[in-house]
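Structure assessment
Below, each chain spelled out in residue letters.
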Amino acid sequence: MKKKTKNLIVGNWKMNPETVSEAKKIVNTIKRGLLNIKKTEIVICPPFVYLDSLKSFSGKKTSLGTQDIFHENSGSFTSQISPNQVKQFDVVYSIVGHSEKRKLGDTDEIVNKKVINALNSGLKVIICIGEEKRDHSGEYLSFIKKQIFLALKDVSKKDIENIVIAYEPIWAIGAKEPMNTSEIHEMSIFIRKILREIYGILGDDIKILYGGSVFLENAKSIMVDGFVHGLLIGRESLNAKNFLELIKDIDKI
Ligand code: PGA
């Protein structure tokens, strides 16, 4: 079993880069720069088609993840990819319920099925949650609570060490600025409270990440002032130089 690390940094490459050689170049640059990293686990989630070519990224503190995973392990499901299939490429994690997948039709029920199948197949899951917009009456809080409850339906306490919650307010994804750190802090407390409601005393058993316009310049303050265990990073994870600097900064926390 991997030793528990303090920080978790996940790169979500989405449908990038365009070629496998670019993908290898990014991964090699990142991997080469990680020799002195001590407290941080790094996960890269490339497009499925690059997994085989990027297997060498897997190591003691580094692993590959997928951006989605299907809720069955075999059968007549055109175009879908199962946990067992990706595990051949040393995949350890899968993101589930990213807002861009939810927008394409993944309901809370589908997200829950995917979470359960991934866990049962031995993958760790990064469950994305997040509101589309905020309202003064605080309805977004009930929305977040419902998303968490539905995603974790029938997920037992023995699985919690394999669950990560990534809070990504949709309006901050692909934007210029992240959510401000005091609001991130509020949300991390709120999410912890919900997880305690579901599973009882938790401590840091379930890591909470923030995602949405995280860059080299703001990563450290989001982690420290936002009180999160890690970050889910889109665009900046494709910029090998910045991503590496960001990881080094975070490792000093
Ligand atoms: P971004 O994407 O860092 O480019 O805003 C984050 C995400 O969608 O996970």
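In this report, we go over the structure that sits alongside the text. A quick note: this is a predicted structure, and the numbers were derived from the prediction, not measured. (Residues numbered from 1 in each chain as written. Predicted model: local features only at pLDDT ≥ 70, side-chain atom pairs only at ≥ 80, totals over all residues. Heavy atoms only, no water.)

**Remarks on the overall build of the chain**
Scanning the chain from N- to C-terminus turns up eight helices and eight strands. Taken along the three principal axes of its C-alpha coordinates, the chain extends 50 × 45 × 35 Å. Among the 253 residues that make up the chain, the fraction classed as buried is 51%. As displayed, the chain has an accessible area near 12,300 Å², and 53% of this comes from carbon and sulfur atoms. (Helix = DSSP H or I, 4+ residues; strand = E, 2+ residues; numbered from the N terminus. Buried < 20%, exposed > 50% of the residue type's maximum accessible area, 1.4 Å probe, protein only. Areas by Shrake-Rupley, 256 points an atom, 1.4 Å probe, with all protein chains shown as cover.)

**Let's talk about unusual backbone geometry**
In this structure, the amide linkage connecting Asn 16 to the following residue, Pro 17, adopts the cis form with an omega of -15°. As for its position among the elements, Pro 17 is in the loop between β1 (7–12) and α1 (20–32). For Ser 213, which is not glycine, the phi dihedral falls at a positive 60°. Following the sequence through the fold, Ser 213 ends up in the loop between β7 (207–211) and α7 (216–226). One non-glycine residue, Phe 227, lies in the positive phi region at around 50°. Within the secondary structure, Phe 227 sits in the loop between α7 and β8 (230–233). Owing to a relative accessible area of 46%, Phe 227 belongs among the partly exposed residues under this scheme.

**Thoughts on the site of the ligand**
Around the ligand, the surrounding shell consists of Asn 12, Lys 14, His 98, Glu 168, Ile 173, Gly 174, Gly 212, Ser 213, Leu 232, Ile 233, Gly 234 and Arg 235. In this structure, an oxygen atom belonging to the ligand sits 2.7 Å away from a side-chain N or O atom of Glu 168. Backbone polar atom of Gly 234 to an oxygen atom of the ligand: 2.9 Å apart, as the coordinates give it. Considered on its own, the ligand offers 280 Å² of accessible surface; in the complex 99% of this is hidden by protein. Classifying every residue of the shell around the ligand gives three nonpolar, six polar and three charged. (Near = heavy atom within 4 Å. Polar contact = N/O pair within 3.5 Å; in protein donor to acceptor, adjacent residues only side chain to side chain. Nonpolar A, V, L, I, M, F, W, Y, C, P; charged D, E, K, R; others polar.)

**A look at the layout of surface pockets**
When its volume is computed, the second largest pocket comes out at roughly 470 Å³. Lining the second largest pocket are 23 residues, and of these Phe 48, Gln 67, Asp 68, Lys 101 and Leu 104 sit closest to its centre. Among the secondary structure elements, those contributing two or more residues to the lining of the second largest pocket are α3 (99–103) and α4 (108–120). Tallied by class, residues from the lining of the second largest pocket come to eleven nonpolar, six polar and six charged. (1 Å grid on protein atoms, 1.4 Å probe; cavity = no way out; pocket = protein on both sides within 12 Å on 5 of 7 lines; lining within 4 Å. Points joined across faces, edges and corners; volume = space filled by probe spheres on them.)

**Focus on empty space enclosed by the protein**
A full pass over the atoms with the stated rule returns one cavity of 30 Å³ or more. By volume, the largest cavity is sized at about 50 Å³. Lining the largest cavity we find Gly 97, His 98, Ser 99, Arg 102, Cys 128, Ile 129, Gly 130, Gln 147, Glu 168 and Ile 170. Of all elements in the fold, only α3 and β5 (124–129) reach the threshold of two or more residues within the lining of the largest cavity. By residue class, the composition of the lining of the largest cavity is three nonpolar, five polar and two charged.

**Examining the pairing of β5**
A large share of β5 lies buried, amounting to five of its six residues. Bridging between strand β4 (residues 91–96) and β5 involves four bridges; their strand directions are parallel. Within β5, the residue paired with Ser 94 across the bridge is Val 125. The β-α-β motif built from β5, the intervening helix α5 (residues 139–151) and the parallel element strand β6 (residues 163–167) has right-handed crossover chirality. (Pairing = 2+ DSSP bridges. Right-handed = clockwise from strand over helix to strand, strands pointing away.)

**Comments concerning α4**
Here α4 spans 18 Å end to end across 13 residues, near enough to the 18 Å set by a 1.5 Å rise per residue. For α4, the set of buried residues is Val 111, Asn 112, Lys 114, Val 115, Asn 117, Ala 118 and Leu 119. Buried positions along α4 lie against α2 (83–87), β4, α3, β5, α5 and β6. Downstream of α4 by a residue or two, Gly 122 has a phi angle that is positive, lying close to 90°. (Expected span 1.5 Å × (residues − 1). Contact = heavy atoms within 4.5 Å.)

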